[in-house]
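What the coordinates show
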Amino acid sequence: MEKQVLAIFAGVNGYLDGIPTADAARFETALLEFIEKSRPEILQALREKKQIDDELKEKLTAAIGLFSRDFSA
């Protein structure tokens, strides 16, 4: 469930806006791998809290922003 929330958060907050539709699935897969490896505490927090509070939103925004800058479509 937490992986779906992460993907939806990225899409709803515009991180996929500049990504061609054909690359959206690759973006999602790479994002999930990035978070699992470098920010596993985010997935744990999503799993445990079952909601996105301000602190978690900041962590999500920072992590996805960092990933997005390095992702090339």
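Up top is the structure these notes are about.
The sections below set out a description of the structure shown in this document. Please read these numbers as outputs of a predicted model, since none were measured by experiment. (Residues numbered from 1 in each chain as written. Predicted model: local features only at pLDDT ≥ 70, side-chain atom pairs only at ≥ 80, totals over all residues. Heavy atoms only, no water.)

1. Let's talk about unusual backbone geometry
- Positive phi, normally seen in glycine, also occurs at K50, with a value near 60°.
- Examined against the element boundaries, K50 turns out to sit in the loop between helix 3 (40-49) and helix 4 (54-70).
- K50 sits in the exposed class, given a relative accessible area of 63%. (Helix = DSSP H or I, 4+ residues; strand = E, 2+ residues; numbered from the N terminus. Buried < 20%, exposed > 50% of the residue type's maximum accessible area, 1.4 Å probe, protein only.)

2. Let's talk about the packing of aromatic side chains
- Enumeration over the complete set of coordinates arrives at four aromatic pairs.
- Through a chain of ring-to-ring contacts, the aromatic side chains of F27, F34, F67 and F71 assemble into a single cluster. (Phe/Tyr/Trp six-rings, centres within 6.5 Å; stacked < 30°, edge-to-face > 60°.)

3. Comments concerning the nonpolar core
- L6, F27, L31, I35, I42, L60 and I64 are the most contacted members of the largest nonpolar core, which has 19 residues in total.
- The set of elements that each furnish at least two residues to this core consists of helix 1 (2-12), helix 2 (24-38), helix 3 and helix 4.
- Element by element, the count of residues in this core is highest for helix 4, at five residues. (Core = buried A, V, L, I, M, F, W, Y, C linked by side-chain atoms within 4.5 Å.)

4. Some points on the packing of helix 1 against helix 3
- For the pair helix 1 and helix 3, interaxial distance at closest approach is 9 Å and the crossing angle is 110°. Our classification of the angle between helix 1 and helix 3 gives roughly perpendicular. Each of E2, K3, V5 and L6 in helix 1 lies in contact with helix 3, whose residues at this interface are L43, L46 and R47.
- Its residues placed into classes, the contact of helix 1 with helix 3 shows four nonpolar, no polar and three charged. (Axes fitted to C-alpha atoms, helices over the stretch in contact; angles between N-to-C directions. Parallel < 35°, antiparallel > 145°, perpendicular 65-115°, else oblique. Contact = heavy atoms within 4.5 Å. Nonpolar A, V, L, I, M, F, W, Y, C, P; charged D, E, K, R; others polar.)

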